[in-house]
Amino acid sequence: MTDAVGGTRGFLPAVEGMRACAAIGVVVTHVAFQTGHTAGVLGRVLGRFDLAVAVFFGLSGFLLWRGHAAAARGLRSVPSTAHYLRSRFVRIMPAYLVAVVLILTLLPDGEPDLTVWLANLTLTQIYVPLTLSPGLTQMWSLSVEMAFYLALPVLALLARWVPVWARIPVICAAAVASLFWIRIPFDPDSGHNLWNWPPAFFSWFAAGMVLAELTVTKVGWPHWLARRRILMALIAAAAFAIAASPWGGNEGLTFGSISQVTVKTAMGAVLAAALIAPLVLDRPDTPHRILGSTVMVTLGRWSYGLFIWHLAALWMVFPMIGEFAFNGNMPVVLALTLVIGFAIAAVSYGLIEEPCRQALRRWEFRHSRPVPPLDSSVTGDPEPITVR
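If you're wondering where the values come from, they're calculated on a predicted model, not measured in any experiment.

Asker: I keep staring at the overall build of the protein chain and nothing clicks. Help me out?
Answerer: Looking only at helices and strands, the protein chain features 14 helices and zero strands. Ordered by position from N to C terminus, the α and β elements of the protein chain give α-α-α-α-α-α-α-α-α-α-α-α-α-α. Its C-alpha atoms give the protein chain a radius of gyration of 21 Å, within 12% of the compact-globule value 21 Å for 388 residues. By its C-alpha atoms, the protein chain is 60 × 50 × 45 Å across when sized along the principal axes. For the protein chain, the proportion of its 388 residues judged to be buried stands at 51%. Relative to all contacts within the protein chain whose residues are 6 or more apart in sequence, the contacts with residues 24 or more apart total 76%. Within the structure as shown, the protein chain displays about 17,500 Å² of accessible surface, and the carbon and sulfur contribution to it stands at 71%. In the protein chain, which carries 27 positive and 20 negative side-chain charges, the distance between the mean positions of the two groups comes to 12 Å.

Asker: Sorry, what's going on with the pattern of salt bridges here?
Answerer: Should their charged atoms come close, side chains of opposite charge can pair. Applying the stated criterion to the full structure yields eight salt bridges. A salt bridge links Asp50 to Arg48; the nearest nitrogen and oxygen atoms lie 3.1 Å apart. By relative accessible area, Asp50 is classed as buried at 15%. Here the salt bridges do not stand alone but share partners, grouping Arg48, Asp50 and Lys264 into one network.

Asker: Just checking my understanding: could you explain the packing of helix H6 (residues 139-159) against helix H8 (residues 202-215) for this structure?
Answerer: What describes two packed helices is the angle between their axes and the distance between those same axes. Between H6 and H8, the shortest axis-to-axis distance is 11 Å and the interhelical angle comes to 55 degrees. When the axes of H6 and H8 are compared, the pair comes out oblique. Crossing of H6 over H8 shows right-handed handedness. On H8, the residues touching Val144, Glu145, Phe148 and Leu155 of H6 are Phe202, Phe205 and Met209.

Asker: Sorry, what's going on with the packing of aromatic side chains here?
Answerer: Each aromatic ring pair is summarised here by two numbers: the centre-to-centre distance and the angle between the ring planes. For the structure on display, the rule yields ten aromatic pairs. Note on Phe57 and Phe201: the rings are 6.2 Å apart at their centroids and 75 degrees apart in plane angle, and the pair reads as edge-to-face. A residue pair is termed long-range when its members are at least 10 positions apart, and Phe57 in helix H3 (residues 52-72) and Phe201 in the loop between helix H7 (167-178) and H8 qualify at 144 residues. On the basis of relative accessible area, Phe57 is assigned to the buried category, the value being 1%.

Asker: Teacher, can you tell me more about the nonpolar core here?
Answerer: Across soluble globular proteins, you tend to see nonpolar side chains buried next to one another. Grouped together as the largest cluster of nonpolar side chains are 109 residues, with contacts concentrated most on Trp65, Leu142, Val280 and Ile308. If one sorts the elements of this core by residue count, H3 sits on top with 13 residues. Contacts of Ile308, omitting those with residues within four sequence positions, involve Ala95, Tyr96, Ala99, Ile103, Gln138, Met139 and Leu142.

Asker: Any chance you could explain a nonpolar patch on the surface here in plain terms?
Answerer: Where nonpolar side chains cluster on the molecular surface, the patch consists of Trp224, Leu231, Ile235 and Val270 and spans about 320 Å² of accessible area. With respect to the helices, strands and loops of the structure, Trp224 is situated in helix H9 (residues 221-226).

Asker: Where do I start with the packing of H3 against H6 in this structure?
Answerer: H6 packs onto H3 with a crossing angle of 25 degrees between their chain directions and a minimal axis gap of 11 Å. Between H3 and H6, the crossing angle belongs to the class labelled roughly parallel. You can see that H3 and H6 cross each other, and the crossing is right-handed. Of the residues in H6, those in contact with Val53, Phe56, Phe57, Ser60, Gly61, Leu64, Trp65 and His68 of H3 are Trp140, Ser141, Val144, Glu145, Phe148, Tyr149, Leu152, Leu155, Ala156 and Ala159. When the residues that make up the contact of H3 with H6 are grouped by side-chain class, the tally is 13 nonpolar, four polar and one charged.

Asker: It is not clear to me how empty space enclosed by the protein should be interpreted in this structure. Could you clarify?
Answerer: Sizing a probe to match a water molecule and rolling it over the atoms shows the empty space that remains. Evaluation of the coordinates by the stated rule reveals two cavities of 30 Å³ or more. Within this model, the second largest cavity holds a volume of roughly 30 Å³. Around the second largest cavity, the lining residues are Gly43, Arg44, Gly47, Arg48, Ala244, Asn250, Glu251 and Gly252. Counting residues per element, the lining of the second largest cavity draws most heavily on helix H2 (residues 40-47), at three residues. Of the residues that constitute the lining of the second largest cavity, the class distribution is one nonpolar, four polar and three charged.

Asker: Please clarify how the side chain of Arg73 should be interpreted in this entry.
Answerer: When you line up the elements, Arg73 lands in the loop between H3 and helix H4 (81-106). At 2.8 Å, the side chain of Arg73 and the side chain of Glu213 are in polar contact.

Definitions and limits used
Residues numbered from 1 in each chain as written. Predicted model: local features only at pLDDT ≥ 70, side-chain atom pairs only at ≥ 80, totals over all residues. Heavy atoms only, no water. Helix = DSSP H or I, 4+ residues; strand = E, 2+ residues; numbered from the N terminus. Rg over C-alpha atoms; globule rule 2.2 N^0.38 Å. Buried < 20%, exposed > 50% of the residue type's maximum accessible area, 1.4 Å probe, protein only. Contact = heavy atoms within 4.5 Å. Areas by Shrake-Rupley, 256 points an atom, 1.4 Å probe, with all protein chains shown as cover. Lys, Arg positive; Asp, Glu negative; His and termini not counted. Charge placed at Lys NZ, Arg CZ, Asp CG, Glu CD. Salt bridge = Lys/Arg side-chain N within 4 Å of Asp/Glu carboxyl O. Axes fitted to C-alpha atoms, helices over the stretch in contact; angles between N-to-C directions. Parallel < 35°, antiparallel > 145°, perpendicular 65-115°, else oblique. Left-handed = near helix turned anticlockwise from the far one by under 90°. Phe/Tyr/Trp six-rings, centres within 6.5 Å; stacked < 30°, edge-to-face > 60°. Core = buried A, V, L, I, M, F, W, Y, C linked by side-chain atoms within 4.5 Å. Patch = residues over 30% accessible without salt bridge, like charges linked within 9 Å, V, L, I, M, F, W, Y side chains within 5 Å. Nonpolar A, V, L, I, M, F, W, Y, C, P; charged D, E, K, R; others polar. 1 Å grid on protein atoms, 1.4 Å probe; cavity = no way out; pocket = protein on both sides within 12 Å on 5 of 7 lines; lining within 4 Å. Points joined across faces, edges and corners; volume = space filled by probe spheres on them. Polar contact = N/O pair within 3.5 Å; in protein donor to acceptor, adjacent residues only side chain to side chain.

Here's what the structure looks like:
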């Protein structure tokens with residue numbers, strides 16, 4: 001590399017802030033639907049905030065592929081698969097399992113049978129018909145993300161056979177090929193929906209994977225483009241507008257035609273890349289005063305909890321204000337859902353997520369030193385253990 005790239009730093013505060021924005025975007029689209037704001041131009045715009053999931057997937061692709069991109073160029077050792085899988089499990093499953101048990105037990109909508117329990121507890125609900133349960137329907141995307149986590153070591157192993165110069169073209173080609181997944185015929189009466197299966201969304205992860213490769217390549221025109229924030233904002237806005245138009249789907253959260261879903265998915269990848277690129281291909285001294293602020297970083301740490309709890313929080317809001325679903329009042333419902341959701345998320349982070357992460361670190365390295373680098377690090381710098 002002939003010039004430093006900000007995305008090679010170990011911790012990226014602005015990326016954490018973007019994670020918070022993505023979580024809020026998911027809440028916005030679900031609150032809009034539950035308050036009946038699905039029609040007209042405003043309905044299309046609010047509904048298309050579901051592309052916040054593309055940003056989530058792009059962030060995962062970037063952070064989890066970054067170490068492999070660096071290792072391919074000799075900048076660090078190959079990330080440990082065992083440590084990676086353990087850390088992913090501890091990051092996702094403890095808080096998720098607590099949410100599933102409490103929501104399925106306490107939410108009054110329906111009486112889940114054994115199949116529903118097993119599918120939700122194992123994050124396989126997108127493969128088992130009729131198991132996306134009230135309060136947990138957003139977990140389809142977490143099921144997709146878990147599949148990516150499991151596939152990533154295999155993808156990294158296959159990528160070792162690819163010359164360094166060809167890694168980005170191969171990832172891009174795979175992303176384009178994944179857009180054709182939804183053209184595979186299936187029987188909707190079976191209860192399965194292949195359009196929600198992981199291959200359909202690989203392009204969203206690939207957007208982040210390409211950015212990870214670019215953080216450890218020679219600075220060139222992609223970096224120059226990424227550092228033009230106004231230009232990238234215009235690209236993101238254009239992608240969002242196309243996705244929100246009739247070209248990108250129907251009003252509300254219903255599926256469109258094959259061509260509409262293809263356009264929406266492609267625009268999701270463009271949107272994710274345009275929003276993340278300025279944060280990771282910048283110069284190391286580039287300030288991100290809003291996204292990198294203490295408030296946004298804190299909300300970013302709580303974003304996973306907000307994601308898994310926000311539908312339950314939304315369910316609490318309606319009786320609080322004496323209102324039924326699909327009857328409007330979106331500003332109040334949104335504000336209360338965010339407040340309650342972030343409050344639960346803060347508790348989840350403080351009592352479950354962070355203690356579990358630290359416990360894993362202490363267990364893994366109780367007899368060994370030095371401490372290995374982060375899975376997402378581009379250097380061999382050790383990951384600290386916080387002793388409590």
